[in-house]
Amino acid sequence: MPAWREKPPFVWHRSPALAYRATNATKIHKNKELLMRTAARLLAILILAAAGSALAQGKHLIDPTPPGSLNPEPLPPLQNPDAPSTPAKDLFARKSTPFPGPSRSIGGYFDGCLAGAVALPISGPSWQVMRLSRNRNWGNPQLVRFIERFAENAKKVGWNGLLVGDMSQPRGGPMLSEHRSHQIGLDADIWFTPMPDHVQSREEREFGSATDVVAPDMLDVDSEVWTHKHTELIRTAAQDPAVIRILVNPAIKKALCREAGADRAWLFKVRPWYGHAEHFHVQIACPPGSAECKPQPPPRPSDGCDHELDFWFKQSTLHPPPSKPKPALTLAGLPPACKQIVKAP
Ligand SMILES: [Zn+2]
């Protein structure tokens, strides 16, 4: 298993249904009557077939970008915000403004927070922020500068402009939904859909759907929607010196390996991971001089196009067994400065 620590969220979604199916199949199999056994086997086959097709369709449930809301409800106040057991995500999700002062990315990508965050403007010359109701277009100023720079460079390879998904919350930290990383303002999700030519309305940004570029069998990209411009888009991001890692679906990595051509020096930064079929995840390095920022180990220097890729196309990887969710992070699991940052008004 590769070193990246982001757990696939879809395993979680699927587990109850799979557990239910497995239990039923087992019960039926125990029946001693021959007729019943035959019937049970048939039923088991049907159940497995149904589960298989549910999984094939379930690909679209992997880290999707669900529609937002035009009138997001404020979260209800916490009963016990000061209890040590309160999940940190419940505290950070209730902060709608950044912590003032100089920008600081504190702790690690998976266990940290952010002070002095800046917002990426929701519309720029070559980008637009999606799902504004999530209020996750915040980052270290270095991340905002990267997105502005990347959007310009992407235009030069024929990409009309970026649709920007989640960055970080105003004070970073863990989120109520979707991500385990994105905590210190140095991660951003970019949609595989190019920006339209007009400035989108709030409705379009909340309800528009991202393009899933992976084929239904998950073994390759979907030739109906994948273009060489997608390869050039990812190449452009990977060639930015600030970028240390990009996560894409294994089917996309396979396509990049095929289409990269002679210039392959950037490929090592692009790593396969679960999901990431409708957006890719870009991680930039701890900014120079930020002593509180905990760096991630860089990816291995190999282009990752060899047998390393085989792991991702095994049935057991494409359809992994359910995994137990980890207990939620509390403030005790974050650097001490994060407590002050999330408790400040
Ligand atoms: Zn991401």
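What counts as what
Residues numbered from 1 in each chain as written. Predicted model: local features only at pLDDT ≥ 70, side-chain atom pairs only at ≥ 80, totals over all residues. Heavy atoms only, no water. Helix = DSSP H or I, 4+ residues; strand = E, 2+ residues; numbered from the N terminus. Buried < 20%, exposed > 50% of the residue type's maximum accessible area, 1.4 Å probe, protein only. Contact = heavy atoms within 4.5 Å. Areas by Shrake-Rupley, 256 points an atom, 1.4 Å probe, with all protein chains shown as cover. Salt bridge = Lys/Arg side-chain N within 4 Å of Asp/Glu carboxyl O. Donors = N, O, S within 2.8 Å, 3.2 Å for Na, K, Ca; no water. Lys, Arg positive; Asp, Glu negative; His and termini not counted. Polar contact = N/O pair within 3.5 Å; in protein donor to acceptor, adjacent residues only side chain to side chain. Axes fitted to C-alpha atoms, helices over the stretch in contact; angles between N-to-C directions. Parallel < 35°, antiparallel > 145°, perpendicular 65-115°, else oblique. Nonpolar A, V, L, I, M, F, W, Y, C, P; charged D, E, K, R; others polar. Disulfide = S-S within 2.5 Å. Expected span 1.5 Å × (residues − 1). Core = buried A, V, L, I, M, F, W, Y, C linked by side-chain atoms within 4.5 Å. Pairing = 2+ DSSP bridges.

Student: I tried to follow the overall build of the chain on my own but got confused; where do I start?
Tutor: Scanning the chain from N- to C-terminus turns up 9 helices and 11 strands. By the burial criterion, 47% of the 345 residues in the chain qualify as buried. Here the analysis covers contacts within the chain between residues at least 6 apart in sequence; of these, 79% occur between residues at least 24 apart. By element, 62% of the accessible surface of the chain is carried by carbon and sulfur atoms, the whole surface being about 16700 Å².

Student: Would you mind going over the pattern of salt bridges with me for this structure?
Tutor: A side chain with one charge can pair with a side chain of the opposite charge if their charged atoms come near. Evaluation of the coordinates by the stated rule reveals 14 salt bridges. Measuring nitrogen to oxygen at the nearest pair gives 3.5 Å for the salt bridge that ties Arg235 to Asp263. Of this pair, Arg235 sits in helix 6 (residues 228–238) while Asp263 sits in the loop between helix 7 (250–259) and strand 10 (270–272); the two residues are 28 residues apart in sequence, bridging distant segments of the chain. Taking the relative accessible area as the measure of exposure, Arg235 reaches 11% and is therefore buried.

Student: Even after reading the chapter, I still don't get the coordination of the zinc ion, so can you show me in this structure?
Tutor: When a metal holds four donors in a tetrahedron, each ideal angle between them is 109.5 degrees; when it holds six in an octahedron, the ideal angles are 90 or 180 degrees. The coordination sphere of the zinc ion, as far as protein atoms go, consists of His182 (NE2), Asp189 (OD) and His281 (ND1), spread over 2.1 to 2.2 Å. Binding-site remark: the zinc ion is held by donors from one chain whose sequence spacing is H-x6-D-x91-H. Taken together, the positions of His182 in the loop between strand 7 (162–164) and strand 8 (187–191) and His281 in strand 11 (residues 279–284) put the pair 99 residues apart, joining distant regions of the chain. In this structure His182 comes out as buried when scored by relative accessible area, which is 0%.

Student: I tried to follow the side chain of Arg131 on my own but got confused; where do I start?
Tutor: By the element assignment, Arg131 lies in the loop between strand 5 (127–129) and strand 6 (138–139). Within the buried set, Arg131 has no salt-bridge partner at all; the shortest N-O distance to an opposite charge, 5.2 Å, is to Glu206. In this structure the side chain of Arg131 is engaged in a polar contact, spanning 2.7 Å, whose partner is the backbone oxygen of Pro66. One polar contact links the side chain of Arg131 to the main-chain carbonyl oxygen of Arg205, over a distance of 2.8 Å. Ignoring any residue separated from it by four or fewer positions in sequence, one finds Arg131 in contact with Thr65, Pro66, Pro67, Gly68, Trp191, Arg205, Glu206, Phe207, Gly208 and Ser209.

Student: Quick question: what am I supposed to make of the packing of helix 6 against helix 7 here?
Tutor: When two helices pack together, you describe them by how their axes are tilted relative to each other and by the distance separating the axes. Closest axis-to-axis distance for the helix 6/helix 7 pair is 10 Å, and the angle between their directions is 90°. By the angle class used here, helix 6 and helix 7 are roughly perpendicular. Facing helix 6, whose interface residues are His228, Thr231, Ile234 and Arg235, helix 7 presents Ile252, Leu256 and Glu259. Partitioned by chemical class, the residues of the contact of helix 6 with helix 7 number 3 nonpolar, 2 polar and 2 charged.

Student: When you look at unusual backbone geometry in this model, what are you seeing that I'm missing?
Tutor: In this structure, His182 takes a positive phi of about 65° despite not being glycine. Residues other than glycine seldom take positive phi values, yet His276 does so here, at roughly 50°. On the secondary structure map, His276 appears in the loop between strand 10 and strand 11.

Student: What am I meant to see in the state of the cysteines here?
Tutor: A covalent bond bridging the sulfur atoms of two cysteines is what the word disulfide describes. Per the counting criterion, the structure on display carries 3 disulfides. A disulfide bridge connects Cys113 with Cys338, and the sulfur atoms are separated by 2.1 Å. Looking down the S-S bond of the Cys113 and Cys338 bridge, the torsion is -90°, so its handedness is left-handed. Residue Cys113 is located in strand 2 (residues 111–115), and its partner Cys338 is located in helix 9 (residues 336–343); the two are separated by 225 residues in the primary sequence. By the burial criterion, Cys113 is buried, and Cys338 matches it. Each sulfur in the disulfide pair Cys286 and Cys293 lies 2.0 Å from the other. With the S-S dihedral at roughly -75°, the linkage between Cys286 and Cys293 falls on the left-handed side. The exposure class assigned to Cys286 is buried, which follows from its relative accessible area of 19%. For the chain, numbering the cysteines in disulfides from first to last along the sequence yields the connectivity 1-6, 2-5, 3-4.

Student: Mind showing me how you'd approach helix 4 (residues 141–156) here?
Tutor: An α-helix turns once per 3.6 residues; consequently, residues spaced three or four apart project the same way. Counted at 1.5 Å a residue, the expected span for helix 4 with its 16 residues is 22 Å, and the 23 Å between its end C-alpha atoms agrees. By the burial criterion, the buried members of helix 4 are Pro141, Leu143, Val144, Phe146, Ile147, Phe150, Ala151 and Ala154.

Student: It is not clear to me how the nonpolar core should be interpreted in this structure. Could you clarify?
Tutor: Among the nonpolar cores identified, the biggest contains 50 residues, and Leu162, Ile234, Ile246, Ile252 and Phe280 are the most heavily contacted of them. Elements with a minimum of two residues in this core: strand 5, helix 4, strand 7, strand 8, helix 6, strand 9 (243–248), helix 7 and strand 11. For this core, the element with the most residues is helix 4, which contributes 7 residues. Apart from residues no more than four positions distant in its own chain, Phe280 is found in contact with Phe150, Ala188, Asp189, Ile190, Trp191, Phe192, Leu233, Ala237, Ile246, Leu247 and Val248. Membership of the second largest hydrophobic core comes to 14 residues, among which are Phe99, Cys113, Leu334 and Cys338.

Student: Honestly, the pairing of strand 9 in this entry has me stumped. Any pointers?
Tutor: Working note: regular strand, side chains alternate between the two faces of the sheet. For strand 9, the tally of buried residues reaches 6 of 6 residues, placing the bulk of the element in the interior. Note that strand 9 and strand 11 share 4 bridges and pair antiparallel. By the bridge assignment, Ile246 is partnered in strand 11 with Val282. Bridge analysis of strand 9 against strand 10 gives 3 bridges, and the strand direction is parallel.

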